[in-house]
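Observations on chain architecture
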Amino acid sequence: MIVALAIAILLGFLFYASYSIKSQVYVRALCRVKTQEKVVYLTFDDAPDAVQTPKVLDVLKRNGIKAAFFCIGGRVAGCESIVKRIADDGHLIGNHSYSHKNTFPILSRRTMIADIERCQSELRRATGTDTPFFRPPFGVTNPRVAHTVRKLNLKVIGWSIRTYDTNQPPVEKVLRRIRRHLKSGSIILLHDGISGSETLLQAVIDTIRSEGYSFGELKF
Ligand SMILES: [Zn+2]
């Protein structure tokens, strides 16, 4: 009985360690900025999207906000000008792997490094520069991801507020969740590619501002 309980607790811990980027068990990640100021940071995963990303960029520009976009290398071809625009608009660009496969966390060390480097070269092709920033697909970390990050000298950026926007919940539900978790230095995870992302983004911005927070730019 006690052994079974110990195993259950251990498995629970290992699951948390891998699936919560905030756990910091395997990889040191910036998940919240240390600050006393009421400032928060917007980040977008799985960019670019030919239709939605330009709309999201328009909303950010209109509101004078700089965000971070974690791009999937396999989505860059055909969207080079959009990726270039993300950089030209002054947003941070990060590597989010080339394949973004479910199996990413269990790839061999060599294949994982090659996948990240392939994304790097796609981003370089579009923007002309390298990015030192990385967000692991699904936020999953483990010893292999840690090895890759060390080997390629990447800075990992996580999040402190997950919006679950990819499930397309009602906008009000997303806003409630953000209001509940909002703190100084929060890093918020959104996805630019989902349909209606520009409308959701404006609602998120308005809500955060109405709570007395402003938007910061992730700088290192
Ligand atoms: Zn992703």
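Quick note: structure is the one above.
Here is a short report on the structure shown in this document. Nothing here was measured: the structure is a model prediction, and the numbers come from that model.

Check the secondary structure of the protein and you find 7 helices and 9 strands. In terms of overall dimensions, the protein has a C-alpha envelope of 55 × 40 × 30 Å along the principal axes. A total of 220 residues make up the protein; the buried ones form 38% of that total. Taking the intrachain contacts of the protein between residues at least 6 apart in sequence as the baseline, contacts between residues at least 24 apart amount to 80%.

What follows deals with the packing of helix α3 (residues 80-88) against helix α4 (residues 109-127). Direction vectors running N to C along α3 and α4 enclose 80°, while the axes themselves pass 8 Å from each other. Considering their axes alone, α3 and α4 lie roughly perpendicular with respect to each other. Note on element contacts: α4 touches α3 through Leu123, Arg125, Ala126 and Thr127, opposite Glu80, Val83, Lys84 and Ala87. Here the contact of α3 with α4 is built from residues that sort into 4 nonpolar, 1 polar and 3 charged.

Moving on to the pairing of strand β2 (residues 39-47). Counting buried residues in β2 gives 8 out of 9 residues, a clear majority hidden from the surface. As judged from the 2 bridges shared by β2 and strand β9 (residues 214-215), these two strands associate in the parallel manner. Following the sheet pairing, valine 39 is matched in β9 by serine 214. Direction of pairing for β2 relative to strand β3 (residues 68-71): parallel, over a ladder of 4 bridges. From the neighbouring strand, phenylalanine 44 faces β3, where its bridge partner is phenylalanine 69. For the crossover from β2 across helix α2 (residues 52-63) to β3, the handedness is right-handed.

Nonpolar side chains in soluble globular proteins generally cluster together in the buried interior. Phe69, Cys71, Val83 and Ile188 are the most contacted members of the largest nonpolar core, which totals 50 residues. Not counting chain neighbours up to four residues away, the residues in contact with phenylalanine 69 comprise Phe44, Ala47, Ile86, His91, Ile93, Gly94 and Asp192.

Right, let's get into α4. Over its 19 residues, α4 runs 27 Å from end to end, which matches the ideal 27 Å to within 8%, given 1.5 Å per residue. The complete set of buried residues in α4 reads Met112, Asp115, Ile116, Cys119, Glu122, Leu123 and Ala126. Each buried residue of α4 lies within a common arc of 115° when the element is viewed along its axis, so the set occupies one face. Just past α4, the residue glycine 128 takes up positive phi, approximately 85°.

Definitions and limits used
- Residues numbered from 1 in each chain as written.
- Predicted model: local features only at pLDDT ≥ 70, side-chain atom pairs only at ≥ 80, totals over all residues.
- Helix = DSSP H or I, 4+ residues; strand = E, 2+ residues; numbered from the N terminus.
- Buried ≥ 20, exposed ≤ 12 C-beta atoms within 10 Å, placed from the backbone.
- Contact = placed C-beta atoms within 7 Å.
- Axes fitted to C-alpha atoms, helices over the stretch in contact; angles between N-to-C directions.
- Parallel < 35°, antiparallel > 145°, perpendicular 65-115°, else oblique.
- Nonpolar A, V, L, I, M, F, W, Y, C, P; charged D, E, K, R; others polar.
- Pairing = 2+ DSSP bridges.
- Right-handed = clockwise from strand over helix to strand, strands pointing away.
- Core = buried A, V, L, I, M, F, W, Y, C linked by C-beta atoms within 7 Å.
- Expected span 1.5 Å × (residues − 1).
- Arc of directions from axis to C-beta.

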